[in-house]
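Residue strings, one per chain:
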Amino acid sequence: MRRIAALTLTVGVTWLVVTRLPADAVQRPAALALGFTLIAAALAGALLERIHLPRVTGYLLFGMLCGPYLANIITRPMARDLQLINGLAVVLIAFIAGLEMNIRRLRPRLRAMMQLGGITMLVLYVALFSVFWAAWPYLGIAQEVSSVQRVALAALLTTVIASFSPTVTIALIAESRARGPLSELTLAVVVLADLLLILVFTLMMQFVRFAFGGGVRDVGLFIGLSWEIFGSFAFGAAIGAVFAFYLRSIGRELPIALLTLCAVTAGLGEILHLEPLLAALAAGLVVENIAPPKGDMLKDAAERGALPVLVVFFAAAGASLQLDALALIGWVAVGISLLRAGLIWVATRLGARYAQVGPPADRLVWMGLISQAGVTLGLVLIVAGEFPDWGGRMQTLIVALIAIHQIAGPVMFKAALVQAREVGRLDEGRSPLEEGEWSALHAD
């Protein structure tokens, strides 16, 4: 009750400040947005955790309800100010993910992870493309197109919709502090899919340009793609090696050193046109596999210190969800969302059977692949910017899908973690590694 009262009081006071005072009376709207979000969204996340829902969902719902499309307590300018933390948040979340991946521990299962991820993506791509090509006249994106254009557009739409959300998956793993087969398997699949997404999206954009008579761009685009992927890994590995040396030789003031690492990775990554998520993931991998046991100390400190960043990041994401797009094309989006979820379930079961992945991960991993977030939105913004006519309609559809998957995905993944934990408790013959998977979700 105290938390409900505190949340109500915080929201009420901020609503009065935003709606009753003149706009020029609020001297620092960015500071107001940050303070309000940190307090109120954290309380909302804690309340949802008490009814066994993810804190991340609480942050998202808070941002959505208080955002510009509903209550408008977090106005559009305030929402834009909150998104300034996005770069730092993505880097921190990905760095924590890298700290979770110990190569020595994962080596016996790397082949199975690659097989499951590859089969899942192949089945998902083929099935979605077949459905979109057959149902293209009913999607309302581009009606009068040639056969080649229809193939190109269906392939591009498939690539965007088949994407997952590494940031949401990693954040749920960090929030729950899960360890073991399910979390590692899900993380491996989403990272593999993210790498594949960048490559396939670039190729599909070239195909679309060719189909619409724009010509294919020169080889410089493919050089840029290679730099974005492999350069990001190389840059992240270098940053991680320097940080590992710091841990071994000094090892003090870890929170400050970690924030410095994230700021450098985000800042230089943008300047050098690198992918921050891949660079931070590589840095975390290097630290975890070069600098233990202090790397473990860093992992614990990072997971505890990530809470404020996660609160602001996901609350801003909730506030930016374009609910008007969901209202405009809701039923089509719901149908495609259900189709995508069903195909993910089928694809992961086939992949798990071929890769010989054992229970409970074989039947639960699909629940960690539902979320979609910023990467997907960024790709469709590129499409809409280059092809404003049909690209704008495709953007509306994708934004509606993101709104659905942002809310449903975290809930389903946490449910999978809880189910696996219960199975682990019943399995008296489980290995120590499997037992470690289901450490209790951290308390308030």
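Predicted model only: the values in this text are computed from it and were never measured.

(A) Quick look at the overall build of the protein chain. Counting its regular elements, the protein chain contains 21 helices and 0 strands. By residue count, 51% of the 444 residues in the protein chain fall in the buried class. For the protein chain, the proportion of contacts with a sequence separation of at least 24, taken over those separated by at least 6, is 82%.

(B) Structural view of the nonpolar core. Ranked by size, the top nonpolar core spans 134 residues in total, and within it L157, F314 and W390 carry the most contacts. Leaving out residues up to four positions away in the same chain, F314 has contacts with V56, Y59, L60, I93, T167, V168 and A171.

(C) Broad picture of helix α3 (residues 55–66). The first and last C-alpha atoms of α3 sit 16 Å apart over 12 residues, in line with the 16 Å expected at 1.5 Å per residue. Here α3 lies mainly inside the structure; 10 of its 12 residues are buried. Within α3, burial applies to R55, V56, T57, G58, Y59, L60, F62, G63, M64 and C66.

(D) Looking closely at the environment of L153. Secondary-structure assignment places L153 in helix α8 (residues 147–161). On the accessibility criterion, L153 (0% relative accessible area) is buried. Counting along the chain gives 21 residues from L153 to F132, while the straight-line C-alpha distance between them is 9.0 Å. Setting aside residues no more than four positions away along its own chain, L153 makes contact with W136, A142, V145, F212, W390 and M394.

(E) Region of interest: helix α15 (residues 307–320). With 14 residues, α15 should cover 20 Å at 1.5 Å per step; its first-to-last C-alpha distance of 20 Å lies within 8% of that length. Burial within α15 is extensive, with 11 of its 14 residues counted as buried. Among the residues of α15, V309, L310, V311, V312, F313, F314, A315, A316, A317, G318 and A319 are the ones counted as buried.

(F) Looking closely at a nonpolar patch on the surface. A cluster of nonpolar side chains, W227, V264, L268, I271 and L272, forms an exposed patch at the surface whose accessible area comes to about 440 Å². Tallying contributions element by element places helix α12 (residues 254–271) first for the nonpolar patch, with 3 residues. Residue placement: V264 occurs in helix α12.

(G) Spatial organisation of the pattern of salt bridges. For the coordinates displayed, the defined rule picks out 1 salt bridge. Linking R393 and D389 is a salt bridge whose minimum nitrogen-to-oxygen distance equals 3.1 Å. Highlighted residues: R393 and D389, both in helix α20 (residues 388–426), separated by 4 residues, approximately one helical turn. By relative accessible area, R393 is classed as partly exposed at 35%. Accessibility expressed as a relative area gives 52% for D389, which makes it exposed.

(H) Spatial organisation of the packing of aromatic side chains. All told, the structure shown has 5 aromatic pairs when counted by the stated rule. Considering the side-chain rings of F243 and Y246, the 6.0 Å spacing of their centres and the 25° angle between planes classify their relative orientation as stacked. In this pair, F243 and Y246 both sit in helix α11 (residues 220–249), 3 residues apart, roughly one turn of the helix. Both rings, one in F387 and one in W390, keep their centres 4.8 Å apart while their planes meet at 25°; by these two values the pair is stacked. Residue classification places F387 among the buried positions, given a relative accessible area of 13%. Residue W390 is classed as buried on the basis of its relative accessible area, which comes to 6%. Taken together, the aromatic side chains of F95, F243 and Y246 make up a single cluster linked through ring pairs. Between the NZ or CZ atom of R150 and the centre of the ring of W133, over which it lies, the distance is 4.8 Å.

(I) The packing of helix α10 (residues 181–211) against helix α13 (residues 276–290), seen in detail. With their axes 11 Å apart at the nearest point, α10 and α13 run at an angle of 140° to one another. The angle between α10 and α13 falls in the class oblique. Crossing geometry of α10 relative to α13 is assigned as left-handed. Mapping the contact onto sequence places V191, D194, L195 and I198 in α10 and L277, L278 and L281 in α13. Classifying every residue of the contact of α10 with α13 by side-chain character gives 6 nonpolar, no polar and 1 charged.

(J) Quick look at the packing of helix α7 (residues 110–134) against helix α17 (residues 330–355). Between α7 and α17, the shortest axis-to-axis distance is 8 Å and the interhelical angle comes to 145°. In this structure, the crossing between α7 and α17 has a hand that is right-handed. Contacts between α7 and α17 involve A112, Q115, L116, I119, T120, V123, L124, A127, L128, V131 and F132 on the former and, on the latter, I336, L339, R340, L343, I344, A347, T348, L350, G351, A352, Y354 and A355. In the contact of α7 with α17, the residues fall into 18 nonpolar, 4 polar and 1 charged.

(K) Quick look at unusual backbone geometry. At the junction of P359 and P360, the peptide bond is cis and its omega measures out at 0° in the coordinates. Inspection of the secondary structure assignment puts P360 in the loop between α17 and α18 (361–364). A positive phi angle, close to 60°, is found at Q356, a residue other than glycine. Checked against the element boundaries, Q356 lands in the loop between α17 and α18.

Conventions and cut-offs
- By convention here, each chain's residues receive numbers from 1 onward along its written sequence.
- Whole-chain, interface and lining totals are the exception, using all residues; otherwise, since this is a predicted model, local features are given only for residues with pLDDT of at least 70 and side-chain atom pairs are given and counted only at 80 or more.
- Side-chain numbers come from the whole structure's heavy atoms, not from hydrogens or water.
- Where helices and strands are cited, they refer to DSSP runs of H or I of at least four residues and of E of at least two residues respectively, numbered from the N terminus.
- Each residue's exposure class comes from its accessible area (1.4 Å probe, protein chains only) as a fraction of the maximum for that residue type: buried when under 20%, exposed when over 50%, partly exposed otherwise.
- By definition in these notes, contact holds between two residues if any of their heavy atoms fall within 4.5 Å.
- In this description, a nonpolar core means a group of buried Ala, Val, Leu, Ile, Met, Phe, Trp, Tyr and Cys residues linked to one another through side-chain atoms lying within 4.5 Å.
- For a helix, the expected span equals 1.5 Å multiplied by the residue count minus one.
- The residues that make up patches have over 30% relative accessible area and no salt bridge, and they are joined within 9 Å when like-charged or within 5 Å when they are Val, Leu, Ile, Met, Phe, Trp or Tyr.
- All accessible areas in this document rest on Shrake-Rupley with a 1.4 Å probe, and a residue is counted as covered only by the protein chains that are shown.
- Definition used for salt bridges: Asp or Glu carboxyl oxygen within 4 Å of a side-chain nitrogen of Lys or Arg.
- Between 30 and 60 degrees the pair is tilted, below 30 it is stacked and above 60 it is edge-to-face, where a pair is any two Phe, Tyr or Trp rings, Trp via its six-membered ring, whose centres lie within 6.5 Å.
- As a reminder, the over-ring test applies to NZ of lysine and CZ of arginine, requiring each to be within 6 Å of the ring centre and within 35 degrees of the ring normal.
- Note on geometry: axes are lines fitted to C-alpha atoms, helical ones only across the stretch in contact, with angles between N-to-C directions running from 0 to 180 degrees.
- Convention used here: angles under 35 degrees read as roughly parallel, angles over 145 as roughly antiparallel, angles from 65 to 115 as roughly perpendicular, and any remaining angle as oblique.
- Crossings are sorted by hand: turned counterclockwise from the far helix by less than a right angle, the near helix makes the crossing left-handed, and turned clockwise it makes it right-handed.
- Under the scheme applied, nonpolar residues are Ala, Val, Leu, Ile, Met, Phe, Trp, Tyr, Cys and Pro; charged residues are Asp, Glu, Lys and Arg; polar residues are all the others, including Gly.

Purely geometric stuff here, so don't read any function into it on its own.
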